[in-house]
Amino acid sequence: MNALAATNRNFRHAARILGLDEKLEKSLLIPFREIKVECTIPKDDGSLVSYVGFRIQHDNARGPMKGGIRYHPEVDPDEVNALAQLMTWKTAVANIPYGGAKGGIGCNPRDLSISELERLTRVFTQRIHDLIGIHRDVPAPDMGTNAQTMAWILDEYSKFHGHSPAVVTGKPIDLGGSLGRESATGLGVVFATEAVLAEYGKSISGLKFVIQGFGNVGAWAAKLIHDRGGHVIAVSDISGAIRNTSGIDIPALLKHKESNANLKEFQGAEAMDPNDLLLHECDVLIPCALGGVINKDNAADVKAKFIIEAANHPTDPEADEILSKKGVVILPDIYANAGGVTVSYFEWVQNIQGFMWEEEKVNCELKRYMQKAFLDIKSMCQTHDCNLRMGAFTLGVNRVARATLLRGWEA
């Protein structure tokens, strides 16, 4: 099941639980605006090349739309639509005053030089500058983009609208980026994990963890889990997978990754088949990579007792049902990985105030937001007698529906 079909299915299930009016349900599902632009740039060799850029703005009932910009050769409109919609529910679950958006450019950033990437980013910004803005739509980095991309967008946007640091988040610190932003999603995953484990009288210390994906989120999650006394026994990334049933020395692995991109050459663990990683014996499984990795074909063989969805849409709805019957507790993506967008919100607030926070305050506020969101989800689970995913979806959808009705948009 693709990401859009899965997201729509979860939304419709939540809408039925909430008893939403059919007209309101339909209006919440339809994106507010879909933007498609041609971005033509001169390459370094003088030839002209054109790329398609897009932005899907899903909903703005609760505030400006918020979501990443990705540069990827196979940008699937359905997936981007699903991710824009997920951002609407995610920001509502975290109770930050945003709606959802997503976008990007269909290109392979590895095939472009730095100057070509800069030209492409600036042309894209020129095409959409009047449709984004501090109180309209606030982009952030995503797959294939980074703080430098945001710096170019900020600079190009400011040429039209004056200095506007709050127009993007995930910026370099020197241009108004927030301290704590780099670790935010990983730290949020750990706060979420602590919250759900506490419900079952457990803590991170002494438990065995398997982490799929060792990029920014996976690496930070692994480091923070290791610091809290958890045993990370297997990890994987694009280069392969490794395991050590006694626990991998995460600081040593992070040091290895700085000098060697290949995980399998790390001396403190043995190589394993990446396909077996999700099925490895452990207490907690944390998928931090691609969507749809846990599906109806492998769900029955998953041995973890808890799944923390650090990736977007890692578990298909069919797998959800299989895992629920087995008693596996799944912490859904729209809550588990909300740390990134929450600290993006803190960055936006700091930029608007012109007053920057210490990293300790950022992390302290993030913990407070993640803990409060978990209590709100738990309350919805008790009210509607549902699992954590439906608890999170009903919480998010209900908040957006209430804002929509109060604004009188249902007609």
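Figured I'd write up the structure that's included with this text.

Conventions we followed
- Residues numbered from 1 in each chain as written.
- Predicted model: local features only at pLDDT ≥ 70, side-chain atom pairs only at ≥ 80, totals over all residues.
- Heavy atoms only, no water.
- Pairing = 2+ DSSP bridges.
- Helix = DSSP H or I, 4+ residues; strand = E, 2+ residues; numbered from the N terminus.
- Axes fitted to C-alpha atoms, helices over the stretch in contact; angles between N-to-C directions.
- Contact = heavy atoms within 4.5 Å.
- Buried < 20%, exposed > 50% of the residue type's maximum accessible area, 1.4 Å probe, protein only.
- Core = buried A, V, L, I, M, F, W, Y, C linked by side-chain atoms within 4.5 Å.
- Salt bridge = Lys/Arg side-chain N within 4 Å of Asp/Glu carboxyl O.
- Phe/Tyr/Trp six-rings, centres within 6.5 Å; stacked < 30°, edge-to-face > 60°.
- Lys NZ or Arg CZ within 6 Å of the ring centre and 35° of its normal.
- Parallel < 35°, antiparallel > 145°, perpendicular 65-115°, else oblique.
- Left-handed = near helix turned anticlockwise from the far one by under 90°.
- Nonpolar A, V, L, I, M, F, W, Y, C, P; charged D, E, K, R; others polar.
- Expected span 1.5 Å × (residues − 1).
- Polar contact = N/O pair within 3.5 Å; in protein donor to acceptor, adjacent residues only side chain to side chain.

Attention now moves to the sheet that holds strand β10 (residues 284–287). The strand order across the open sheet built from 7 strands is β9-β8-β7-β6-β10-β11-β12, with neighbouring strands paired in mixed fashion. Lying at the two open borders of the sheet, with one neighbouring strand each, are β9 (270–272) and β12 (329–331). Direction aside, neighbouring strands of the sheet carry axes that sit 20° apart on average. Strands β6 (208–212), β7 (231–237) and β10 of the sheet are contacted by helix α7 (residues 216–227), whose axis makes an angle of about 165° with β6.

Turning our eyes to something else, we now look at the sheet that holds strand β3 (residues 65–71). One open sheet holds the 5 strands; their spatial order is β1-β2-β4-β3-β5, and the pairing between them is mixed. Unpaired on one side and paired on the other, β1 (33–42) and β5 (137–141) mark the two borders of the sheet. Across this sheet, the average inter-strand angle for adjacent strands is 20°, counted without regard to direction. Where strand β2 (residues 48–59) meets strand β4 (residues 99–105), 6 bridges bridge the pair, whose relative direction is antiparallel. Bridge assignment links D59 to a residue of β4, and that residue is G100. Against the sheet, helix α4 (residues 114–128) touches β1, β2, β3 and β4, its axis set at about 140° to β1.

Here we take up the pairing of β5. Judged by how many residues are buried, β5 sits mostly within the fold: 4 of 5 residues are covered. As paired strands, β3 and β5 are joined by 5 bridges and run parallel to one another. By the bridge assignment for β5, G67 is matched with P139.

Turning to the nonpolar core, a few remarks are in order. Judged by nonpolar contacts, the single largest core of 84 residues is most densely connected at L28, V235, L253, I286, L331 and Y335. What L253 contacts, discounting residues up to four positions off in sequence, is F214, V235, I242, I248, L263 and F266. I41, V123, F124 and V167 belong to the second-largest nonpolar core, a separate cluster that totals 23 residues.

Okay, the side chain of E365 next. By the secondary structure assignment, E365 is in helix α12 (residues 359–384). When residues no more than four places from it in sequence are discounted, the contact partners of E365 are F346 and W357.

Moving on: the pattern of salt bridges. As enumerated under the stated definition, the model contains 22 salt bridges in all. Here R228 ties to E194 by a salt bridge, and the two come within 2.9 Å at their closest N and O atoms. Highlighted residues: R228 in the loop between α7 and β7 and E194 in helix α6 (residues 184–199), separated in sequence by 34 residues. The partner of D237 in a salt bridge is K257, with the nearest N and O atoms 2.8 Å apart. Note that D237 is positioned in strand β7 and K257 in helix α8 (residues 250–259), a separation of 20 residues in sequence. On the basis of relative accessible area, D237 is assigned to the buried category, the value being 17%.

Another point: the packing of aromatic side chains. For the structure shown, the criterion picks out 10 aromatic pairs. When the ring of Y345 is compared with that of W348, the centres are 6.2 Å apart and the planes differ by 35°; the resulting orientation is tilted. Residue Y345 and its partner W348 are both found in helix α11 (residues 339–353); the two are separated by 3 residues, about one turn of the helix. Among the aromatic residues, those joined into a ring-pair cluster are Y98, Y345, F346, W348, W357 and Y369. Geometry around W357 places K361 over its ring, the cationic atom sitting 4.6 Å from the centre.

Another point: the packing of α6 against α11. Two elements in contact, α6 and α11, have axes whose closest approach is 7 Å; the angle formed by their N-to-C orientations is 120°. One element, α6, and the other, α11, form an angle in the oblique class. α11 is crossed by α6, and the crossing has right-handed handedness. Across the interface between the two elements, A184, T185 and G188 of α6 pack against G339, G340 and V343 of α11. Here the contact of α6 with α11 is built from residues that sort into 2 nonpolar, 4 polar and no charged.

The next point concerns helix α1 (residues 3–18). For α1, built from 16 residues, the straight-helix expectation of 22 Å at 1.5 Å per residue is met to within 8% by its first-to-last C-alpha distance of 22 Å. Turning to α1, its buried residues are A3, L4, A6, T7, N8, N10, F11, A14, A15 and L18. Elements that come into contact with the buried residues of α1 comprise α2 (22–29), α3 (77–93), α9 (317–326), α12 and α13 (388–407). Just downstream of α1, G19 is the residue with a positive phi angle, here 70°.

A few words now on the environment of R62. Note on placement: R62 falls in the loop between β2 and β3. Overall, R62 belongs to the buried group, its relative accessible area being 17%. Taking the C-alpha atoms as reference points, R62 and I96, 34 residues apart in sequence, are found 8.5 Å from one another. A polar atom in the side chain of R62 sits 3.0 Å from the side chain of N95.

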